[in-house]
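So you can see what is in the structure, the chains are spelled out below.
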Amino acid sequence: MPNMCPTKTAMPEQEPNVRNKNFEEVALGYTEEMAVNEATRCLNCKNKPCVNGCPVNVPIPDFIAHVAKGEFEEAYKVITMASSLPAVCGRVCPQESQCESKCVRGIKTESVGIGRLERFVADYHMKNSTAALEIPEPNGHKVAVIGAGPAGLTCAGSLAKKGYDVTIYEAFHTAGGVLMYGIPEFRLPKAIVQKEINGLKELGVKIETNMVMGKVMSVDELFENGFEAVFVGTGAGLPSFMGMEGEGLIGVYSANEFLTRINLMKAYKDEYDTPVIRPKNVAVVGGGNVAMDGARSAKRLGAENVYIVYRRSEAEMPARLEEIHHAKEEGINFKFLNNPIR
Ligand SMILES: Cc1cc2nc3c(=O)[nH]c(=O)nc-3n(C[C@H](O)[C@H](O)[C@H](O)COP(=O)(O)OP(=O)(O)OC[C@H]3O[C@@H](n4cnc5c(N)ncnc54)[C@H](O)[C@@H]3O)c2cc1C
Ligand code: SF4
């Protein structure tokens with residue numbers, strides 16, 4: 001008999017008034033008992049609507065069935081047939097609008113906590129696995145990937161599993177893209193991202209950093225060097241400003257600059273010299289995940305009053321519901337206005 005509890009097994013979290021002063025991860029992860037309990041809420045539906053909601057079609061009921069039986073390593077094998085970054089996806093994928101939005105349990109009650117289970121399985125594997133990695137037979141074909149963000153890493157992982165010889169060229173000194181420089185430590189610890197990247201390296205993926213492609217080498221030169229295909233996954237890293245009066249004033253940051261100083265350049269750590277403004281009052285313009293990350297980071301840097309200023313209503317905010325909920329708990333204020341003009 002499935003567990004008919006109407007709500008997801010609660011995720012242990014740091015207390016809001018403690019976590020809004022540190023950069024440690026907010027969600028602490030399921031224990032084995034919690035994971036098994038949540039997995040038994042799955043009905044193992046024949047038509048698997050949740051799988052259709054997943055952009056990479058992870059065989060969700062299959063991996064959850066293994067979790068329900070305590071077979072966590074088997075569950076990991078099932079997930080990684082489809083996903084190269086499960087510990088990342090389990091933490092930051094918008095499950096509520098993807099797999100979980102299609103979950104049959106979600107029609108009348110809360111959906112199965114698919115993301116939480118994925119995260120548990122990935123973390124369990126990282127902590128406990130001693131099994132040697134199965135290295136695929138080389139197929140003799142070379143592929144270059146430009147950009148080591150989630151797109152490039154996923155492409156590289158999928159190809160490496162099929163035996164391709166893959167080299168990633170990354171402009172920054174470190175791989176990960178937004179996972180490293182954008183999404184803050186309190187949502188996605190960088191050690192977790194690094195472990196996922198290390199897993200790809202163990203599969204045989206080569207990563208060359210400090211390589212601004214287009215400057216140091218052209219795509220034509222890659223082809224001349226024996227690559228048969230090139231995947232360009234350079235992201236959308238350039239900030240887009242709104243053209244408002246006052247945008248050039250001291251104290252106005254793009255999210256990109258503010259978050260890069262904090263995440264990649266560790267401005268929040270005393271032992272780092274990275275300069276960052278630590279204001280008392282902060283307004284963050286926007287209502288997506290980036291805005292929530294900016295506001296919650298500002299709070300953690302010591303701001304007393306942080307406002308999210310959004311041009312539409314709360315229901316229209318594009319951020320993940322969990323991020324909005326966490327931001328509110330941490331004392332972020334919300335103002336719904338028309339377009340700010342200066
Ligand atoms: C603050 C923030 C929070 C977010 N939160 C979420 C979330 O919770 N959930 C979610 O699903 N999405 C979230 N997103 C969106 C998500 O991070 C992006 O959709 C995702 O990172 C895009 O991946 P990508 O690999 O295409 O690009 P990127 O992550 O931008 O990676 C591109 C990489 O290419 C490199 N590069 C660029 N030009 C060159 C070049 N010429 N040569 C070599 N390398 C180059 C860059 O340095 C970078 O490493 C968030 C984004 C931000 C900024
Ligand atoms: S839709 Fe929900 S209940 Fe059905 S198999 Fe998928 S996760 Fe399980």
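Nothing here was measured: the structure is a model prediction, and the numbers come from that model.

1. Here we look at the overall build of the protein
Reasoning step 1: Per the secondary structure count, the protein includes 14 helices and seven strands.
Reasoning step 2: For 342 residues, the compact-globule estimate of 2.2 N^0.38 gives 20 Å, and the C-alpha radius of gyration of the protein, at 21 Å, lies within 12% of that figure.
Reasoning step 3: Its C-alpha atoms give the protein principal-axis dimensions of roughly 60 × 55 × 35 Å.
Reasoning step 4: Counting across all 342 residues of the protein, residues that qualify as buried make up 40%.
Reasoning step 5: A separation of at least 24 residues holds for 72% of the contacts in the protein among residues at least 6 apart in sequence.

2. Quick word on the site of ligand 2
Reasoning step 1: Lining the immediate surroundings of ligand 2 are 14 residues, of which C42, C45, C50, P61 and C103 lie closest.
Reasoning step 2: For the shell around ligand 2, the elements supplying multiple residues, two or more each, are α3 (49-52) and α4 (60-68).
Reasoning step 3: Looking at the shell around ligand 2, its residues break down into 11 nonpolar, one polar and two charged.

3. Looking at the domain arrangement of the protein
Reasoning step 1: Here the domain parsing of the protein yields domain 1 (16-128), domain 2 (142-232) and domain 3 (255-336).
Reasoning step 2: Just the C-alpha atoms count here: the centres of domain 2 and domain 3 sit 28 Å apart.
Reasoning step 3: Contacts between the two partners involve six residues from domain 2, matched on the other side by seven residues from domain 3.

4. Focus on the site of ligand 1
Reasoning step 1: Close to ligand 1 lie 31 residues, the nearest being G147, G149, A151, G177 and G235.
Reasoning step 2: Contributing elements (two or more residues each) for the shell around ligand 1: α8 (150-161) and α13 (289-300).
Reasoning step 3: Counted by class, the shell around ligand 1 contains 17 nonpolar, 11 polar and three charged residues.

5. Here's the deal with the packing of helix α12 (residues 255-263) against α13
Reasoning step 1: The contact between α12 and α13 brings their axes to 10 Å, and the two run at 50 degrees. With respect to each other, α12 and α13 are oriented oblique. For the crossing formed where α12 meets α13, the hand is left-handed. Contacts between α12 and α13 involve A255, F258, L259 and I262 from the first element and V290, D293, G294 and S297 from the second.
Reasoning step 2: Residues belonging to the contact of α12 with α13 are distributed by class as follows: five nonpolar, two polar and one charged.

6. A few points about the sheet that holds strand β7 (residues 333-336)
Remark on secondary structure: sheet strands pair via backbone hydrogen bonds, oriented parallel or antiparallel.
Reasoning step 1: Pairing within the open sheet is parallel, and its three strands lie in the order β5-β6-β7. Each edge of the open sheet carries a strand with a single partner, namely β5 (281-285) and β7. The average angle at which neighbouring strand axes cross in this sheet is 25 degrees, direction not considered.
Reasoning step 2: Bridging between β5 and strand β6 (residues 305-310) involves five bridges; their strand directions are parallel. Opposite N281, over in β6, you have N305 as the bridge partner.
Reasoning step 3: Contacts from α13 reach β5 and β6 within the one sheet, and its direction differs from that of β6 by about 170 degrees.

Rules behind the numbers
- Residues numbered from 1 in each chain as written.
- Chains lettered and ligands numbered in written order.
- Predicted model: local features only at pLDDT ≥ 70, side-chain atom pairs only at ≥ 80, totals over all residues.
- Helix = DSSP H or I, 4+ residues; strand = E, 2+ residues; numbered from the N terminus.
- Rg over C-alpha atoms; globule rule 2.2 N^0.38 Å.
- Buried ≥ 20, exposed ≤ 12 C-beta atoms within 10 Å, placed from the backbone.
- Contact = placed C-beta atoms within 7 Å.
- Near = placed C-beta within 6 Å.
- Nonpolar A, V, L, I, M, F, W, Y, C, P; charged D, E, K, R; others polar.
- Domains from an automatic or database assignment.
- Axes fitted to C-alpha atoms, helices over the stretch in contact; angles between N-to-C directions.
- Parallel < 35°, antiparallel > 145°, perpendicular 65-115°, else oblique.
- Left-handed = near helix turned anticlockwise from the far one by under 90°.
- Pairing = 2+ DSSP bridges.

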